[in-house]
Amino acid sequence: MGKRKPDHRSALESGRDAAASVYPAISRGALRLRSALWGRSGTETVGPPSLVTLELNAGRGFEADGAKGGREGKAGALERFWRARSGPSKSDWLDIVNGVGAGTTLRLAGGDPLESPHLEVILFEADRRGIDVEIVTPGARLEECAPVIYGLGVSRLRLVLYGPEEVHNRTTGDARAFESSVRGALAMRGLRCGTARPTLVVDVVTSAESVPSAAETVECALAMGADGVVLHWPCAGEGVLDVGAVLMLSRARTKWRGETVRFFPDLGEDELRRYYGGEALSVGPKRCLVPWRSVTVGADGKVRFCGTTVGDVGGEALADVCNSEAARLLRRELKKGPAAECAGCPGRFGDEGLVR
């Protein structure tokens, strides 16, 4: 019996696939480390950000169409087009994407980015350049957009749920919002056909109203087949909050031990008491690195750090705006320590907090 020839082509392709997944991860890790070092050093200027967020659709896109729909057919497409006329043009968005460096994560957010008429062209350009893309969406049009998301190499899909069906629908103002989210998630899982991309992460964003039912929402997310679930605590100072309900939910962590469920911020019981008891700034990192590692471009074209406008993308490179006088002034102030408004900001705990 003759010897079987080794399949060198198969081994080569396997090696290329491994390299394609490892090298971007190394680049992203190196960029995050460099951003952290810049922030720790206290410098007022920055290099390339490790996270660029594009708020493609102002407000909540699913409210614009209403509970009766209006998202289907030419009428829905034209409506999305006219809503986008007041914001950056297609070429403006493409200029930003082309200015994103290797290793940077491009996050598409802002209400519902799937409502933007520029979504496909941005994803196509990002895929052409091999940029790591993450989409944050409440899922109203996820079932419709799933083939585009899968085909254009999106790395992560973050599906936002505000609670179980009744709470989620009431929060979004759409009587079919929860159903649309579930159908979209299942469609996305079906398209993957055993592949790992895009990763499906469900962000359970809680409020004073939805904390008691957060456990039910997590169970729904796990039933959808999510690769990961992130349960976000309410921001400190957001209305009247039953701290007892938060502590009860915190004690239920062992229920999901071994599951892919994370709490954000990851606070212990004593830290939660202080966080919601008026001592929020005593919990978590003493220095916020957000203005050193990430930047947000709003649907109006304004570039923001921590909600503060530092420039405009119109006619100016994003890298230049990130080091504008207004941006340096903001970093100069944050070097002195967190401000009072930083108490309720989850962003200082890490990138997960930028989902909101």
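Our structure's up above, just so we're on the same page.
This text gives an overview of the structure that appears in the document.

**Examining the environment of Thr-105**
Piece 1. Inspection of the secondary structure assignment puts Thr-105 in strand S2 (residues 105–109).
Piece 2. Remark: the alpha-carbon pair of Thr-105 and Glu-134, spanning 29 residues in sequence, is separated by 7.2 Å.

**Some details on the packing of helix H6 (residues 142–151) against helix H8 (residues 177–192)**
The description of two helices packed together rests on the angle between their axes and the distance between the axes.
Piece 1. Look at H6 against H8: their axes get within 8 Å of each other, and the N-to-C directions meet at 25 degrees. One element, H6, and the other, H8, form an angle in the roughly parallel class. For the crossing formed where H6 meets H8, the hand is right-handed. Touching Leu-142, Glu-143, Ala-146, Pro-147, Ile-149 and Tyr-150 of H6 are Ser-181, Arg-183, Gly-184, Ala-185, Ala-187, Met-188, Leu-191 and Arg-192, all from H8.

**Thoughts on the pairing of strand S9 (residues 302–305)**
Piece 1. Because side chains alternate across S9, one face comprises the buried residues Val-303 and Phe-305, and the other comprises Lys-302 and Arg-304, none of which is buried.
Piece 2. In the sheet, strand S8 (residues 294–297) pairs with S9 via 2 bridges, with the strands oriented antiparallel. Across the sheet, Val-297 pairs through a bridge with Val-303, a residue of S9.
Piece 3. The hairpin formed by S8 and S9 contains 4 residues between the paired strands, and Gly-301 there has a positive phi angle of roughly 90 degrees.
Piece 4. Strand direction decides the pairing type here: S9 and strand S10 (residues 308–312), joined by 4 bridges, are antiparallel. By the bridge assignment, Phe-305 is partnered in S10 with Thr-308.
Piece 5. Two successive antiparallel strands, S9 and S10, enclose a turn made up of 2 residues, where Cys-306 displays a positive phi of approximately 55 degrees.

Cut-off values and rules
- Residues numbered from 1 in each chain as written.
- Predicted model: local features only at pLDDT ≥ 70, side-chain atom pairs only at ≥ 80, totals over all residues.
- Heavy atoms only, no water.
- Helix = DSSP H or I, 4+ residues; strand = E, 2+ residues; numbered from the N terminus.
- Axes fitted to C-alpha atoms, helices over the stretch in contact; angles between N-to-C directions.
- Parallel < 35°, antiparallel > 145°, perpendicular 65-115°, else oblique.
- Left-handed = near helix turned anticlockwise from the far one by under 90°.
- Contact = heavy atoms within 4.5 Å.
- Buried < 20%, exposed > 50% of the residue type's maximum accessible area, 1.4 Å probe, protein only.
- Pairing = 2+ DSSP bridges.

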